[in-house]
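# Overview (structure and organization)
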Amino acid sequence: MKRDRLKKLAAEKRFISGVYNYCDRWCERCPLTSRCLNFSISQEDSSDPEAEDIRNKAFWNKLSETLAESLELLKEGAKKWGIDLETLDSTEDIENLKAKDRAAENHLLSRAAKRYVEIVEDWFKERETLFFETVAAAREGVSLDETLEVIRWYQLFICAKVMRAVRGKVEDDEEGHDEFPRDSDGSAKIALIAIDRSIAAWAAIRHYVTDGAEGVIDAVAFLDSLRQAVEKAFPKARSFMRPGFDSMDLNG
Ligand code: SF4
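Quick look at the structure, then. Just so it is clear, the structure is predicted and the values come from calculations on it, not from any experiment. (Residues numbered from 1 in each chain as written. Predicted model: local features only at pLDDT ≥ 70, side-chain atom pairs only at ≥ 80, totals over all residues. Heavy atoms only, no water.)

### Description of the packing of aromatic side chains
- Going through the model one piece at a time under the given rule, you end up with seven aromatic pairs.
- Taking the ring centre of F124 as reference, the NZ or CZ of R152 above it sits at 4.0 Å.
- Positioned over the ring face of F234 is K169, at 6.0 Å from the centre of the ring. (Phe/Tyr/Trp six-rings, centres within 6.5 Å; stacked < 30°, edge-to-face > 60°. Lys NZ or Arg CZ within 6 Å of the ring centre and 35° of its normal.)

This is the structure in structure tokens:
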């Protein structure tokens, strides 16, 4: 997308500033697509046949072009806000960032969230074929395909958001930030929403499986412990107001 078009689009009043910062990236199911700049950009790009085909050389050229335009915009923004981009990448900064990444990765919550990724993977691997047969036979009204989709959608998302929240908290604690709202609480909140929905999806599956029921209970119990641990580590997360979703009382 050309810079002028991007600027024009970004200036439209219908967009909620930062609505995409604490969403679950599930645009197909989002009630705020018409208010989301990210979504509109992706829609405009996908209506371009060249951008549709990621194997097409033109797509990659287009991407480089967009990157160049974005860098120009970034420079303009940095200048406006008095930020010197040249000084941001010192060796010390990079080492610092790496240390924070390591701390976040090794945190108990991050390791637990990663474990959940494995639990889901193992469960699906062991029982998927049989399970799909059971589901096909049992389907009535409730779409169990969608229930599975919910679990798969959030399987990695939970881990990514928990790690982001932990990473933010490590940084806040180290740097003594005590302003609210905190980005780490926003990340923890969307992780908690994903955990809640995954628990609900597992509970729905529980009614349809006989084989593998223990695995379902284990996954729910694990998620429930993770939920409690995240709530304890981020006591303000549940009350964090996400732009658009919470301010408009939408369940997104
Ligand atoms: S706010 Fe909605 S439309 Fe925008 S990126 Fe997030 S899920 Fe997609």
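The discussion continues.
### What to know about the pattern of salt bridges
- Considering all chains together, one arrives at 17 salt bridges under this definition.
- In this structure, E12 and R14 form a salt bridge, with 2.7 Å as the shortest nitrogen-oxygen distance.
- Here E12 falls in the partly exposed class, since its relative accessible area comes to 28%.
- One salt bridge in this structure joins R242 and D246, with 3.0 Å as the shortest N-O distance. Assigned by exposure class, R242 and D246 land together as buried.
- Linked by salt bridges that have partners in common, D196, D224, R227, E231 and R238 make up one network. (Salt bridge = Lys/Arg side-chain N within 4 Å of Asp/Glu carboxyl O. Buried < 20%, exposed > 50% of the residue type's maximum accessible area, 1.4 Å probe, protein only.)

### Considerations on the side chain of D172
- When you line up the elements, D172 lands in helix α7 (residues 144-175).
- Apart from the residues within four sequence positions on either side, D172 is in contact with H177, R182 and S184. (Helix = DSSP H or I, 4+ residues; strand = E, 2+ residues; numbered from the N terminus. Contact = heavy atoms within 4.5 Å.)

### Some points on the packing of α7 against helix α8 (residues 183-206)
- Orientation of α7 relative to α8, taken along the N-to-C sense of each, is 155 degrees, at an axis distance of 7 Å. Accordingly, the angle class assigned to the pair α7 and α8 is roughly antiparallel. Seen along the crossing, α7 lies across α8 with a hand that is left-handed. (Axes fitted to C-alpha atoms, helices over the stretch in contact; angles between N-to-C directions. Parallel < 35°, antiparallel > 145°, perpendicular 65-115°, else oblique. Left-handed = near helix turned anticlockwise from the far one by under 90°.)

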